[in-house]
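Structural features, examined
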Amino acid sequence: MDSDVEMNAASDDEVMDDEDYYDYCYSDVGDDDGSGGGDSDGELVAGDYDEGLEAEGSDEVVSRREQTFAVLSEEDISERQEEDISKVSSVLSIEREEACVLLHHYKWNISKLSDEWFADEEKVRHTVGLLLNGNGRPRSRKLTCGICFEGHSSNMMSSAGCAHFYCHECWDGYISAAISGGPGCLSLRCPDPSCGAMVLQRMINKLAKDDDKEKYARFLLRAYVEGSKKTKWCPAPDCTCAVEFLGDENYDVSCNCKFSFCWNCTEEAHRPVNCETVSKWILKNSAESENMNWILANSKPCPKCKRPIEKNQGCMHMTCTPPCKFEFCWLCLGSWADHGERTGGFYACNRYESAKKEGVYDETEARRERAKNSLERYMHYYERWASNQTSRQKAQADLHKAEKEQLAKLTDIFGIPETQLKFIIEAWSQIIECRRVLKWTYAYGYYLDDRVKSEFFEYLQAESGLERLHQCAEKDLQAFLPSLKPDSDETTKSSVAEFGDFRVKLAGLTSVTRNYFENLVQALEAGLEDVRATGQAAATSSAASSSKKGGTKSKKKQHAKPSSDHTDDGWPCERCTYLNPPSVDACSVCEKGRY
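Let us look at the structure shown here. Remember, it's a predicted structure, so these values are computed and weren't measured experimentally.

Digging into the overall build of the protein chain
The helix and strand inventory of the protein chain stands at 21 helices and 15 strands. Burial statistics for the protein chain: of 595 residues in total, 42% are counted as buried. Residue pairs in contact within the protein chain that sit at least 24 positions apart in sequence constitute 58% of those at least 6 positions apart. Of the roughly 32900 Å² of accessible surface on the protein chain, a fraction of 48% belongs to carbon and sulfur atoms.

Pasting the structure below:
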């Protein structure tokens, strides 16, 4: 199945000429008169674009996603962190810096910290390094630093609350080296090897340089997210937001930077493929195994030096590269000195054919054939996986162009506010999402080893609906983007009426495509469990119909129609929910049969 951006255009008769299709797509949207946004004269004005149209389908999806995750900025994270610190400080009656150290040690789990603190406060203090009664400043006016062993006045010496005093210069170097080492500085202890007193943040703020203070504060902020089981940083480059996961399934989340990723494995969003399959696929794409398969399938070793040689054209006479320069036959790998007209000339080898008949080359050729088949299968899936990624990136660029340029032009031409042209953005967003789903279905298909399920999976992957939507959003829209505004009023009215039809068509295709791909995702996530049941039911139905062949001709012509047939007003497809006209027997979008 090809995933190129070039698509077959859908005829207007297939999508636009069915009133029931309009009613289906917009039965609960703003156009009460059912005219598709125009008045009785066919004129479309800006007020006819109901605000509900721009949110059709999208608000529902967004609201469902907002219930499963929340995006947190650094300010949000800092506020939450301060709330937890203040809460612990108040409940345990300790200083803020001590509460901060305790929470970091317990990975910001307030419940676990409280339980262990009230069970054995002394044990917790000893484990973390918080002294119950710190040593005060000694009365001696001059002290010797335990690091540089130089004498300093007592006001130039400090300790971590213990009896070990060091000069401020040595403290500065010690703290700076620890912060340069990474987040481990959040658990910094007294320089004395025998002492476990914790160096608190107030001491960092007092003695460290400004740059080190900022780094320490940032490590502390990041530790709040990295220590949480429900929050993770967005993996997009240069993004400073975190995502809190609130659901229990569907790990696909989207950050404020518009990067979508899997919260569970932090790879890019890959629903409906599970994280294990994605991990194997990414590893396979980066591993050397396929290179070895290619070498095995497309080359043979030189009989003398054993270096692999590829033959891509020419005769069977091969000459190895210097310094070997051994000349041999490509087929039998024997010395070319033993070959000539008597052995078949330059393009055949009688020795090879005789040996092959005797079974000498069977295992070698079978091994090479297996490697070639394996490589071809992998390349089939990989090329389509990469092709959909390329198409998705192009669609993202087209979406950006629509947001920055096309909506403003349409507003100038038709006088419609940009907020009421969001159906175009919704269409491109749906195309991007569908390309992402299709991309990962090829990784899914590569590891699908059930033949029956594989055949059904390939059938489900039909892209005709997506291609129609892509065609409409990419090419049909260009007809409404002239460089200059038309001069004639009648031309303007005609263009506006056509734009109203285009709006209905594009928004309808967006809705239908969304429904189809949601059903596809659900089927793949369920492991295509209904495949065998469906096959058994089809076999039973076929057997039943065969048993009735002996009946009268009048009985043969009778068909049992389901209750959802809607003969008078069209029939909905069981797979993609598209409402088809009653005159067709196969779905116009996914081509599934009516009965």
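Some details on the packing of aromatic side chains
Tallying each qualifying case throughout the model produces 26 aromatic pairs. Centre to centre, the rings of Tyr381 and Tyr446 are 5.8 Å apart; their planes meet at 75°, and the pair counts as edge-to-face. Of this pair, Tyr381 sits in helix α15 (residues 362-414) while Tyr446 sits in helix α16 (residues 422-446); the two residues are 65 residues apart in sequence, bridging distant segments of the chain. Of the residues examined, Tyr381 reaches a relative accessible area of 8% and is grouped as buried. On the basis of an interplanar angle of 20° and a centroid distance of 4.7 Å, the ring pair of Phe414 and Phe499 is categorised as stacked. Residue Phe414 is found in helix α15, and its partner Phe499 is found in helix α19 (residues 489-525); the two are separated by 85 residues along the sequence.

Topic: helix α18 (residues 464-474)
The buried count for α18 comes to ten of eleven residues, which makes it a mostly enclosed element. Buried within α18 we find Gly465, Leu466, Glu467, Arg468, Leu469, His470, Gln471, Cys472, Ala473 and Glu474.

Quick word on the nonpolar core
By size, the foremost hydrophobic cluster in this structure holds 53 residues, and its most contacted members are Ile77, Val88, Leu102, Trp108, Trp171 and Ile175. Elements represented by at least two residues in this core include exactly α5 (74-92), α6 (96-105), α7 (110-119), α8 (121-128), β5 (166-167), α9 (168-180), α10 (201-207) and α11 (210-226). For this core, the leading source of residues is α11, giving six residues. Among residues more than four places away in sequence, those in contact with Leu102 are Leu92, Ile94, Leu113, Trp117, Val124, Val128 and Leu130. The next biggest cluster of nonpolar side chains, apart from the first, holds 50 residues, and it includes Leu407, Trp428, Tyr446 and Val521.

Concerning the pattern of salt bridges
The tally for this structure, following the rule as stated, stands at 17 salt bridges. Among the salt bridges present, the one from Arg514 reaches Glu426, with a minimum N-O distance of 4.0 Å. A residue pair is termed long-range when its members are at least 10 positions apart, and Arg514 in helix α19 and Glu426 in helix α16 qualify at 88 residues.

Examining the sheet that holds strand β6 (residues 231-233)
Spatially, three strands are ordered β1-β7-β6 in an open sheet, and the strand pairing comes out antiparallel. Each of the sheet's edge strands pairs with one partner strand only, and the pair in question is β1 (69-72) and β6. Averaged over all pairs of adjacent strands, the angle between strand axes in this sheet comes to 25°, irrespective of strand direction. Here three bridges tie β6 to strand β7 (residues 242-245), and the two strands are oriented antiparallel to one another. Bridge assignment links Thr231 to a residue of β7, and that residue is Glu244.

Describing the pairing of β7
With burial as the criterion, each face of β7 is covered, one bearing Ala242 and Glu244 and the other bearing Val243 and Phe245. Summarising the sheet, β1 and β7 pair through four bridges and their orientation is antiparallel. Bridging from a neighbouring strand, Val71 pairs with Val243 of β7.

Section: the packing of α7 against α8
Remark: α7 packs on α8, axes separated minimally by 5 Å, with the N-to-C direction vectors making an angle of 115°. Here Glu116, Trp117 and Ala119 of α7 lie close against α8, whose contacting residues are Glu121, Val124 and Arg125.

Structural notes on α9
The end-to-end C-alpha separation of α9 is 18 Å, in line with the 18 Å expected for 13 residues at 1.5 Å each. Among all positions of α9, only His168, Cys170, Trp171, Asp172, Ile175, Ser176, Ala178 and Ile179 are buried. Of the surrounding secondary structure, the elements contacted by the buried residues of α9 are β4 (157-158), β5, α10 and α11.

What about unusual backbone geometry?
Note that the residue after Arg271, namely Pro272, is joined by a cis bond; omega there is 15°. Residue Pro323 follows Pro322 across a cis peptide bond; omega there is 5°. Take Pro323: it is sitting in the loop between β12 (317-319) and β13 (327-329). In this structure, Lys107 is a non-glycine residue whose phi angle is positive, near 55°. Structurally, the position occupied by Lys107 is in the loop between α6 and α7. A residue is classified by how much of its surface remains accessible, and Lys107, at 56% relative accessible area, is exposed.

Calculation rules
Residues numbered from 1 in each chain as written. Predicted model: local features only at pLDDT ≥ 70, side-chain atom pairs only at ≥ 80, totals over all residues. Heavy atoms only, no water. Helix = DSSP H or I, 4+ residues; strand = E, 2+ residues; numbered from the N terminus. Buried < 20%, exposed > 50% of the residue type's maximum accessible area, 1.4 Å probe, protein only. Contact = heavy atoms within 4.5 Å. Areas by Shrake-Rupley, 256 points an atom, 1.4 Å probe, with all protein chains shown as cover. Phe/Tyr/Trp six-rings, centres within 6.5 Å; stacked < 30°, edge-to-face > 60°. Core = buried A, V, L, I, M, F, W, Y, C linked by side-chain atoms within 4.5 Å. Salt bridge = Lys/Arg side-chain N within 4 Å of Asp/Glu carboxyl O. Pairing = 2+ DSSP bridges. Axes fitted to C-alpha atoms, helices over the stretch in contact; angles between N-to-C directions. Expected span 1.5 Å × (residues − 1).

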